[in-house]
Amino acid sequence: MYVPHMQATCTHLDDIADVAHGLDVCPACLASRDTWLHLRQCRICGNTGCCDSSRNKHATAHFHETGHAIMRTLEEGQDWSWCFVDKETLEQDDDGRWRAVDAFFDAGVWYAREVLAAGAASLPFPRSATAGDGFPLGIWEATYRDRYRAGTLDPDQAAGLESLPGWRW
Ligand SMILES: [Zn+2]
Ligand SMILES: [Zn+2]
Ligand SMILES: [Zn+2]
């Protein structure tokens, strides 16, 4: 189960170096005449390796060999990083601030908009409400309402919720 949170807890962000953009091949796969699926780059030393959906998982192997905690995707149009130690997907704001990607929150906003636009339900959703392939829309809403009440809700997430038609705290 995904545990949503926004504040990055990763303690390795200071280790990130200004490395040149990675290669468009996995050198280790190439050396053994093997193939790969997606490419990742170590943000500490710049090493290019293949993703965990590739047979050889060279990016993860590089982490195990070196302890270099943070890698980034080299996929076109993507801009996320991953900390192997903290198991966090990380994104950097325009102002340079690091955030943990909260896929649960983003998915909920997307489903809520869809349900509301279709007139299929209105806010607040019942706790048992689901959407799509069983996304727990009611629990999603309760999760962030609880956080709001506790004073720990991320301000950007609060603004996102307030932009939903009919949202009231
Ligand atoms: Zn970390
Ligand atoms: Zn590889
Ligand atoms: Zn490295």
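Presented here is a report on the structure given in the accompanying data block. (Residues numbered from 1 in each chain as written. Chains lettered and ligands numbered in written order. Predicted model: local features only at pLDDT ≥ 70, side-chain atom pairs only at ≥ 80, totals over all residues. Heavy atoms only, no water.)

Thoughts on the packing of aromatic side chains
Ring pairs (aromatic) are described by centroid distance and by the angle formed between their planes.
Okay, step 1: Summed over all chains, the structure comprises 10 aromatic pairs.
Okay, step 2: With a centroid separation of 5.4 Å and an interplanar angle of 35°, the aromatic rings of Phe104 and Phe135 are classed as tilted. Remark: Phe135 occurs in the loop between helix H3 (103–117) and helix H4 (137–149) and Phe104 occurs in helix H3; sequence separation between them is 31 residues.
Okay, step 3: Assessed through its relative accessible area of 9%, Phe104 is described here as buried.
Okay, step 4: Between Trp167 and Trp169, the aromatic rings sit 5.0 Å apart at their centres with planes inclined by 80°, giving edge-to-face as the arrangement.
Okay, step 5: For Trp167, a relative accessible area of 9% translates into the label buried.
Okay, step 6: Overall, Trp169 belongs to the partly exposed group, its relative accessible area being 34%. (Phe/Tyr/Trp six-rings, centres within 6.5 Å; stacked < 30°, edge-to-face > 60°. Helix = DSSP H or I, 4+ residues; strand = E, 2+ residues; numbered from the N terminus. Buried < 20%, exposed > 50% of the residue type's maximum accessible area, 1.4 Å probe, protein only.)

Examining the nonpolar core
One broad rule of soluble globular proteins: the nonpolar side chains tend to lie buried together.
Okay, step 1: Judged by nonpolar contacts, the single largest core of 20 residues is most densely connected at Phe125, Leu137, Trp140, Tyr144, Leu161 and Leu164.
Okay, step 2: Considering every element that reaches this core, the biggest residue donor is H3, with 7 residues.
Okay, step 3: The residues touching Leu137, leaving out its near neighbours within four places in the chain, are Gly108, Tyr111, Ala112, Val115, Phe125, Ala129, Thr130 and Ala131.
Okay, step 4: The next biggest cluster of nonpolar side chains, apart from the first, holds 7 residues, and it includes Leu13, Cys83, Leu90 and Trp98. (Core = buried A, V, L, I, M, F, W, Y, C linked by side-chain atoms within 4.5 Å. Contact = heavy atoms within 4.5 Å.)

A short note on the coordination of the zinc ion (ligand 2)
Okay, step 1: The zinc ion (ligand 2) binds to the protein through Cys26 (SG), Cys29 (SG), Cys50 (SG) and His58 (ND1), with metal-donor distances spanning 2.0 to 2.3 Å.
Okay, step 2: Around the zinc ion (ligand 2), the 4 donor atoms sit at angles spanning 104 to 119°, and that spread fits a shape best called tetrahedral.
Okay, step 3: The motif formed by the donor residues of the zinc ion (ligand 2), counted along the single chain, is C-x2-C-x20-C-x7-H. Taken together, the positions of Cys29 in helix H1 (residues 27–31) and His58 in helix H2 (residues 58–66) put the pair 29 residues apart, joining distant regions of the chain.
Okay, step 4: Cys29 gets classed as buried once you look at its relative accessible area, which sits at 0%. (Donors = N, O, S within 2.8 Å, 3.2 Å for Na, K, Ca; no water. Tetrahedral: all angles 85-135°; square planar, octahedral: opposite > 155°, others 65-115°.)

Section: the coordination of the zinc ion (ligand 1)
Okay, step 1: Donor atoms from the polypeptide that coordinate the zinc ion (ligand 1) comprise Cys10 (SG), His12 (ND1), Cys83 (SG) and Asp86 (OD), at 2.0 to 2.3 Å from the metal.
Okay, step 2: Angles of 98 to 115° at the metal separate the 4 donor atoms of the zinc ion (ligand 1), which places the site in the tetrahedral class.
Okay, step 3: Mapped onto the polypeptide sequence, the residues donating to the zinc ion (ligand 1) form the spacing pattern C-x1-H-x70-C-x2-D.
Okay, step 4: Assessed through its relative accessible area of 9%, Cys10 is described here as buried.

Some details on the side chain of Arg43
Okay, step 1: With respect to the secondary-structure elements, Arg43 resides in the loop between strand S1 (39–42) and strand S2 (48–50).
Okay, step 2: Look at Arg43: it is buried, it has no salt bridge, and the nearest opposite charge is Asp79 at 5.4 Å.
Okay, step 3: Each residue touching Arg43, except ones within four places of it in the same chain, is listed here: Asp15, Ile16, Ala17, Val19, Ile70, Met71, Arg72, Ser81 and Trp98. (Lys, Arg positive; Asp, Glu negative; His and termini not counted. Salt bridge = Lys/Arg side-chain N within 4 Å of Asp/Glu carboxyl O.)

A few points about the pattern of salt bridges
Okay, step 1: Summed over the entire model, instances satisfying the criterion amount to 8 salt bridges.
Okay, step 2: Of the charged contacts in the structure, one is a salt bridge between Arg97 and Asp93, with a shortest N-O distance of 3.2 Å.
Okay, step 3: Close ionic contact of Arg97 with Asp95 constitutes a salt bridge, the shortest N to O distance being 3.7 Å.
Okay, step 4: Exposure remark for Asp95: the relative accessible area of 57% places this residue in the exposed category.
Okay, step 5: One network of salt bridges, with partners in common, ties together Asp93, Asp95, Arg97, Arg99, Asp154 and Asp156.

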